[in-house]
Structure formats: C-alpha cells, structure tokens
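Here is how the chains run, residue by residue.
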Amino acid sequence: MTAAPMTSDGSSGFDPAALAGRAVLAPLAGITDSPFRSVCRRHGAAMVWSEMLSAEALARDHGKTMRMAAFRPEERPVVLQLFGTRPAAFAAAIARLEGLAPDAFDLNFGCPAPKIVKHGGGSALLREPAAVAAIARAAVAATRRPVFAKIRSGWEVGGENAVEIARQLEQCGAAAIAVHGRTKSQLFAGAADWAVIGRVRQAVGVPVIGNGDVVSGTAARRMIAETGCDLVMVGRGALGNPWIFSEINDAVGPATTVAPARHIPWTERLVVITEHMDLMAADKGERRAVLEMRKHLGWYTKGIPGAAATRRELMTALTRERVMELLRALGHGGGISPDPERSP
Ligand SMILES: Cc1cc2nc3c(=O)[nH]c(=O)nc-3n(C[C@H](O)[C@H](O)[C@H](O)COP(=O)(O)O)c2cc1C
C-alpha cells in the first residue's frame, strides 16, 4: 500500500490544496470505523479520521487495537488518531503503525471523556503545555508522515489557550491543527465558538481545520468565511448523512449562492445503508454488523415520517434479512423530506 500524495508538489508535509475537497470526517469513537469512513469517502469526504486509538495499547501490539487501525485502500487519505500521555508510547505506537502507511497521524488533545481525562490524556493535556510539546516532538521524530493535532479551545471558559497550544504544536513540527471551538468543560453543549478557530488561523502558518457544529453546506461556507480555516471537519453532522460532504463540496465552491441541500430519495438512502451494512459484515460478520448498525440505522431513518415504530423493531432485529425487510417496508412511503433538524 502506498500513501496518497499529501502535497501538491510531492514533498513531505501536508497541503490541503492536494485534497479533493474541503470537508473532512472527524474522529468519532465507536463510529468512524473502516466501513463508515469508506461510505463518507464515497460521498466526498476529502480525508477521514480513525476513531481514537490508545497509544499504550498499540505500543504493546494489542490485537484488537491494531485491528481498529486497519483501513481499506479506498479510504485514503486516512488519518490515524492516537491518545495517551507518554511520549514514548506515542513514538512506539507510530512505529507499529508505519506498516499500514497511513497518510497522517493525529494526536488527541481534546477528548473530554472521564476515562481518558482521569489518566491525564485528551483534553487534560491542554493544562500541561510542556507535556503537549513532549508528545508532539516524540511523534514527529517517530515518522516522516505528517503529524496533526486536534485540540479544543481550552480546558475551561476563561482559560482558553488554544492559540498558545497551537503555536507550540507548530514549533514542535505539527503539520496541521484541528480546533474544536469548545472548552473541555463545555463538553458538547451550547454553540461552538468559531472565533477561536479564526484566532488560531491568524497565529500559525500550518493549515487549520475548523470543527464544531458544521451541519450543512451553508454552515461550512460560513465557517470558512468567518475563520479563514483551510478545511472544515464534520462529526455529528455526518451521522446518517454522509451526503453532507458532497453538499459542502458544492456549497464552498466558486458559486455565490448555496443551493438547498439535495433531497435524498429513500431508494438512494437504502442503497447506501445496504453498502454500509455489507462493509460492516465483511469486517465483523453478520451478527455484529447488525448490532453495530443499529445506531447508524437510527440516524439514517431520522426525519422519515412514521419511522419511529420501524426504529423500535430495527433495534431488536438480529439478521441482515430482517433489517432489510423492515427498511424496504419503510420505503414504501416514498422518499423523505429534508430533515428540518439538519438545517443550519
Ligand atoms: C460520539 C463522539 C465520539 C467522539 N470521538 C472522538 C475521538 O475519538 N477523537 C476526537 O478527537 N474527538 C472525538 N469526538 C469529537 C469530535 O471529533 C468533534 O470534535 C466534535 O463532535 C465537534 O464536532 P461536530 O459538531 O461536527 O460533531 C467525538 C465526538 C462524539 C460526539
């Protein structure tokens, strides 16, 4: 497997202009596995992130974590994200993953989950700039591939230090910085603060990836206009809606007006759901695929009139055949209206 070129001139480093679009899929633990990443790439995601992977587990060659890091060639360019606290573990994890030849690595300095933060990882590192620097230096020294970092605006409101952390990451060799415009203490509540993304954009020379609340082409266009970010990263907006990436690609093009989101007919939706489930079954077997698809099926059927009863049945279905039967029956009502909850 050879890595896709990450720069337009073929040099090492990272040039967002070499990507085929400006919207990328965020890392989402428990969600952005290889099947979902493949689906998002097919619908225009310019680059896709893995779920966060434990640097300590990878350093030990832990089988399940190594399998989580695997990806299909069609997902490229693909970014593998690591979390942890020990610089040596990051370096060892990267050395193990080199064989997979990912297009880039990413360092998680944003996760607010108690199980990560209590060990000093994820967003807890935002309070330890020296530790962030040590991890970034170790990661950059361990590979010739681009190393990105994903940060939040800070630990808590009033203590936003994203600019300071981003400057330091750049000095340590980070090739791009993704900024989620919320502090750790805000978790996912309230509106993301895009102004901090703009401040980071002004402060560093490397590409900045804006993140938080991009749920439509209009929102992506506004984030780019307001912050100057090089790429927009979409997380929750892609759940049940991989079409958001082509919607964004259209919206951020040269046209002066943004066309309304395309209506996705149920038949088209069903094709994508089937592809998604079959990729999942190829990786995990039918039984696990059906169980793990449940959350996706809940998202894919959001906004469909009369889907609530079907959703309840989907949550207990145990075979692919039964899932398909339920989905086909749901489709007999025709297409679905664009979901008002997805409007900007
Ligand atoms: C279920 C879930 C899992 C997430 N997992 C990760 C993760 O593994 N690594 C990470 O850096 N961020 C993770 N995030 C944060 C997202 O990448 C993103 O920063 C956040 O959801 C804001 O973007 P959005 O408004 O587009 O969803 C997760 C968020 C959610 C909702």
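Being a predicted model, the structure only gives us computed values, none of them experimental.

> What exactly am I supposed to notice about the site of the ligand here?
Close contacts around the ligand come from 17 residues, with Ala-29, Gln-81, Asn-211, Asp-213 and Arg-236 the closest. For the ligand, an oxygen atom lies 2.8 Å from a polar atom in the backbone of Pro-27. Between the ligand and Gln-81, the relevant distance is 2.8 Å, taken from an oxygen atom to a side-chain nitrogen or oxygen of the residue. When the ligand is considered free in solution it has 610 Å² of accessible area, and contact with the protein chains removes 86% of it. Class assignment for the residues of the shell around the ligand results in eight nonpolar, six polar and three charged.

> Explanation requested: the environment of Leu-327 in the structure shown.
With respect to the helices and strands, the residue Leu-327 is situated in helix α14 (residues 320–331). C-alpha of Leu-327 to C-alpha of Ala-307: the two residues are 20 residues apart in sequence and 9.4 Å apart in space. For Leu-327, the contacting residues outside a window of four places in its chain are Trp-266, Leu-270, Ile-273, Leu-297, Thr-301 and Leu-314.

> Would you take a moment to explain the packing of aromatic side chains for this structure?
For any pair of aromatic rings, the description rests on two quantities: the centre-to-centre distance and the angle between the ring planes. Counted by the stated rule, this structure contains three aromatic pairs. For the pair Phe-14 and Phe-148, a centre-to-centre distance of 4.7 Å together with 55° between the ring planes defines the contact as tilted. With Phe-14 in the segment before β1 (23–25) and Phe-148 in strand β5 (residues 147–154), this pair connects stretches of sequence that are 134 residues apart. Under the relative-accessibility criterion, Phe-148 is labelled buried at 1%. Here Trp-49 and Phe-148 contribute two aromatic rings whose centre-to-centre distance is 5.9 Å and whose plane-to-plane angle is 35°, an arrangement assigned as tilted. You can see Trp-49 sitting in strand β2 (residues 48–54) and its partner Phe-148 sitting in strand β5, a full 99 residues away along the chain.

> How should the domain arrangement of the protein be read in this particular structure?
The extent of an interface is frequently quoted as the accessible surface area lost upon association of the parts. When the domains of the protein are assigned, the result is domain 1 (16–251) and domain 2 (266–339). In this assembly, 15 residues from domain 1 lie in contact with 15 residues from domain 2. Of the roughly 1300 Å² buried at the junction of domain 1 and domain 2 (both faces included), carbon and sulfur atoms supply 64%. When residues of domain 1 are sorted by the area they lose upon contact with domain 2, Pro-35, Gly-240 and Trp-243 head the list and together hold 36% of the total. Put simply, domain 1 and domain 2 have three salt bridges between them. Across the pair Arg-72 and Asp-283 runs a salt bridge, and its minimum N-O distance is 2.7 Å. Grouping the amino acids of the side of domain 1 that touches domain 2 by side-chain chemistry returns seven nonpolar, five polar and three charged.

> How should helix α4 (residues 87–97) be read in this particular structure?
Counting along an α-helix, one turn takes 3.6 residues, and residues three or four places apart therefore face a common direction. For α4, the set of buried residues is Ala-89, Phe-90, Ala-93, Ile-94 and Leu-97. The buried side chains of α4 occupy one side of the element, clustering within an arc of 135° when seen end-on. Buried-residue contacts for α4 involve α2 (55–59), α3 (63–69), β3 (78–83), β4 (104–109) and α6 (129–141).

> Hey, could you run me through the environment of Val-208 in this one?
With respect to the helices, strands and loops of the structure, Val-208 is situated in strand β7 (residues 208–211). Placed 160 residues apart in sequence, Val-208 and Val-48 show a C-alpha to C-alpha distance of 15 Å.

Rules used in this analysis
Residues numbered from 1 in each chain as written. Predicted model: local features only at pLDDT ≥ 70, side-chain atom pairs only at ≥ 80, totals over all residues. Heavy atoms only, no water. Near = heavy atom within 4 Å. Polar contact = N/O pair within 3.5 Å; in protein donor to acceptor, adjacent residues only side chain to side chain. Areas by Shrake-Rupley, 256 points an atom, 1.4 Å probe, with all protein chains shown as cover. Nonpolar A, V, L, I, M, F, W, Y, C, P; charged D, E, K, R; others polar. Helix = DSSP H or I, 4+ residues; strand = E, 2+ residues; numbered from the N terminus. Contact = heavy atoms within 4.5 Å. Phe/Tyr/Trp six-rings, centres within 6.5 Å; stacked < 30°, edge-to-face > 60°. Buried < 20%, exposed > 50% of the residue type's maximum accessible area, 1.4 Å probe, protein only. Domains from an automatic or database assignment. Buried area = accessible area lost by both parts, 1.4 Å probe. Salt bridge = Lys/Arg side-chain N within 4 Å of Asp/Glu carboxyl O. Arc of directions from axis to C-beta.

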